[in-house]
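# Structural features, examined
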Amino acid sequence: MALTTMKELLVTARKERYAVGAFEFWSLDSAQAIIHAAEAEKVPVILQAGKIECDFCDGVKYLAQIAKIAAADASVPVALHLDHATDYDFICQAIDAGFTSVMIDASMLPFEENAKITRKVVETAARFGVTVEAELGKLSGNEGNISVSKEEANQTDPKEAAQFVAQTGVDALAVAIGTAHGFYTFTPKINIPRLTEIAKEVSIPLVLHGGSGTPEKDVQEAVKHGIAKVNICTELVAAFGKTYIKTQAPESFKYTIPNLFGPSKEAGYQLALEKIRLFKGL
């Protein structure tokens, strides 16, 4: 089926208290692994890519084409999301290429500047029926070219979140509640009480970034309290990469396309399947 917008997926997810998995992809086999896992569980899914993945594939237009091909015969709804974009022109390129959702991440800026650029993106995206996600608060770790130390990380203020949504008209809000990008270098303490307060103030779908390595019980609690989208990047990349290395280790290994790449695709499928089952909620 054709790619769908992310908004319709997330509104239903928040209402019914489950989360849609958003998985980073960079190739046809990674996209297929993700979609096949979603089909196995009969749930919608989000293919997402940031600037790193887009640059790796020589631009947003190529990734958009890959997503369209992978989703064409899918039996479940599939959205295509641009993750952690900081440049307005790059966001416009993604919209032109066929991305059905974009994220403007101006969370490193002061509140008013964040709201201003987010509103600009919302107004542009609305003309094409494209969903917009924004972020308020900072996560520790690295995301693209942005680095935030553990000490600098600050969590989303519930009242500011309500004000931000009202000023911008954004469709989904990524919140900082103690998760981190990449694998954790510290013991995570997910602030469910803070999330609960944000969910009381904000009615739109909430997004949990830094899903890789977050304890399952914390993810489940977050979904129960308003999270409608969970991002997975590092764990999926690691599943492909570690399997790719392991596959070549035996002396008897013979290089063919299925022998070399098949096991990694299967590992990605299994990882996505595990996460999707975790996100299904109540």
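My aim in this report is to walk through the structure given alongside it, one point at a time. Throughout this document, residue positions are counted from 1 along each chain, in the order its sequence is written. Owing to the predicted nature of the model, reporting of local features is limited to residues with pLDDT of at least 70; listing and counting of side-chain atom pairs is limited to 80 or more, with chain, interface and lining totals taken over all residues. Side-chain metrics rest on all non-hydrogen atoms present in the structure, leaving aside hydrogens and water.

This part takes up the sheet that holds strand β9 (residues 206–208). For two strands to pair, DSSP has to find at least two bridges joining them. The secondary structure listing takes helices from DSSP runs of H or I that are at least 4 residues long and strands from runs of E that are at least 2 residues long, numbered from the N terminus. The eight strands lie next to each other as β1-β2-β3-β4-β5-β8-β9-β10, forming a closed barrel whose pairing is parallel. Taken pair by pair, the neighbouring strands of this sheet meet at an average axis angle of 25 degrees, ignoring direction. Strand direction decides the pairing type here: strand β1 (residues 20–24) and strand β10 (residues 227–232), joined by four bridges, are parallel. The residue bridging A22 from the neighbouring strand is N231, located in β10. Together, β1, β2 (45–49) and β3 (78–85) form the strand contacts of helix α2 (residues 28–41), whose direction differs from that of β2 by roughly 160 degrees. All axes are obtained by fitting lines to C-alpha atoms, using only the stretch in contact for helices, and the reported angles, taken between N-to-C directions, cover 0 to 180 degrees. Pairs of residues are marked as contacts when any of their non-hydrogen atoms sit within 4.5 Å.

Whenever a carboxyl oxygen of Asp or Glu lies within 4 Å of a side-chain nitrogen of Lys or Arg, that contact is scored as a salt bridge. Inspection of every chain in the model, using the stated rule, returns 11 salt bridges. Across the pair E41 and R277 runs a salt bridge, and its minimum N-O distance is 2.9 Å. Separated by 236 residues along the polypeptide, E41 in helix α2 and R277 in helix α11 (residues 257–279) bring together distant segments of the chain. For every residue, the accessible area (1.4 Å probe, protein chains only) is compared with the maximum for its type, and the residue is labelled buried under 20%, exposed over 50%, or partly exposed between those bounds. Since its relative accessible area comes to 16%, E41 is described here as buried. Connected through shared salt-bridge partners, E41, R277 and K280 make up one network.

A word on unusual backbone geometry. Positive phi outside glycine occurs at R17, with the angle close to 65 degrees. Its location among the elements puts R17 in the loop between α1 (6–16) and β1. Located in the positive-phi region is H84, a residue other than glycine, with phi close to 50 degrees. Examined against the element boundaries, H84 turns out to sit in strand β3.

With respect to the helices and strands, E53 occurs in helix α3 (residues 51–56). In this tally, Asp and Glu contribute negative charge and Lys and Arg positive charge; neither His nor the terminal groups of the chain are included. Although buried, E53 forms no salt bridge, and the nearest oppositely charged side chain, K51, lies 10 Å from it. A distance of 2.7 Å separates a polar atom in the side chain of E53 from the backbone nitrogen of G50. N or O atoms within 3.5 Å of each other form a polar contact, as long as, within protein, one can give a hydrogen and the other can take it, and as long as residues adjacent in sequence are counted only when both atoms are side-chain atoms.

With that settled, the discussion passes to the environment of R194. By the element assignment, R194 lies in helix α8 (residues 192–201). For R194, a relative accessible area of 27% corresponds to the partly exposed category. In this structure, R194 is in contact with Q155, T156, D157, P158 and I177, ignoring residues within four places of it in sequence.

Before going further, it helps to examine the environment of K159. Position of K159 among the secondary structure elements: in helix α7 (residues 158–168). Overall, the relative accessible area of 57% leaves K159 in the exposed class. In the structure, K159 is positioned 42 residues away from E201 in sequence and 6.8 Å away in space, judged by C-alpha atoms.

Two cysteines whose sulfur atoms are joined by a covalent bond form what is called a disulfide. In this description, the term disulfide denotes a pair of cysteine sulfurs within 2.5 Å. Counted according to the given criterion, the structure contains zero disulfides. Free of any disulfide, C54 has its nearest neighbouring cysteine sulfur in C57, separated by 7.6 Å. Overall, the relative accessible area of 15% leaves C57 in the buried class.

Note on ring pairs: Phe, Tyr and Trp rings are taken, using the six-membered ring of Trp, and paired if centres are within 6.5 Å. Classes follow the plane angle, with under 30 degrees stacked, over 60 edge-to-face and the rest tilted. Per the counting criterion, the structure on display carries four aromatic pairs. When the ring of Y244 is compared with that of F261, the centres are 6.0 Å apart and the planes differ by 25 degrees; the resulting orientation is stacked. Note that Y244 is positioned in helix α10 (residues 234–247) and F261 in helix α11, a separation of 17 residues in sequence. Overall, F261 belongs to the partly exposed group, its relative accessible area being 34%.

Below, the discussion takes up the environment of A125. Tracing the backbone through its elements, the reader meets A125 in helix α6 (residues 111–126). Since its relative accessible area comes to 0%, A125 is described here as buried. Placed 24 residues apart in sequence, A125 and S101 show a C-alpha to C-alpha distance of 8.4 Å. With residues near it in sequence (within four places) discarded, A125 still touches I95, V130 and V132.

Take a nonpolar patch on the surface next. Nonpolar side chains collect at one region of the surface, where Y244, I245, I257 and F261 lie side by side and expose about 410 Å² of accessible area between them. Looking at the nonpolar patch, the elements with two or more residues in it are α10 and α11. Relative to the elements of secondary structure, I257 occurs in helix α11. Residue classification places I257 among the exposed positions, given a relative accessible area of 59%. A patch is a set of surface residues, each over 30% in relative accessible area and not in a salt bridge, joined within 9 Å for like charges and within 5 Å for the nonpolar side chains Val, Leu, Ile, Met, Phe, Trp and Tyr. Here the Shrake-Rupley method, with its probe set to 1.4 Å, supplies the accessible areas, and only the displayed protein chains count as covering residues.

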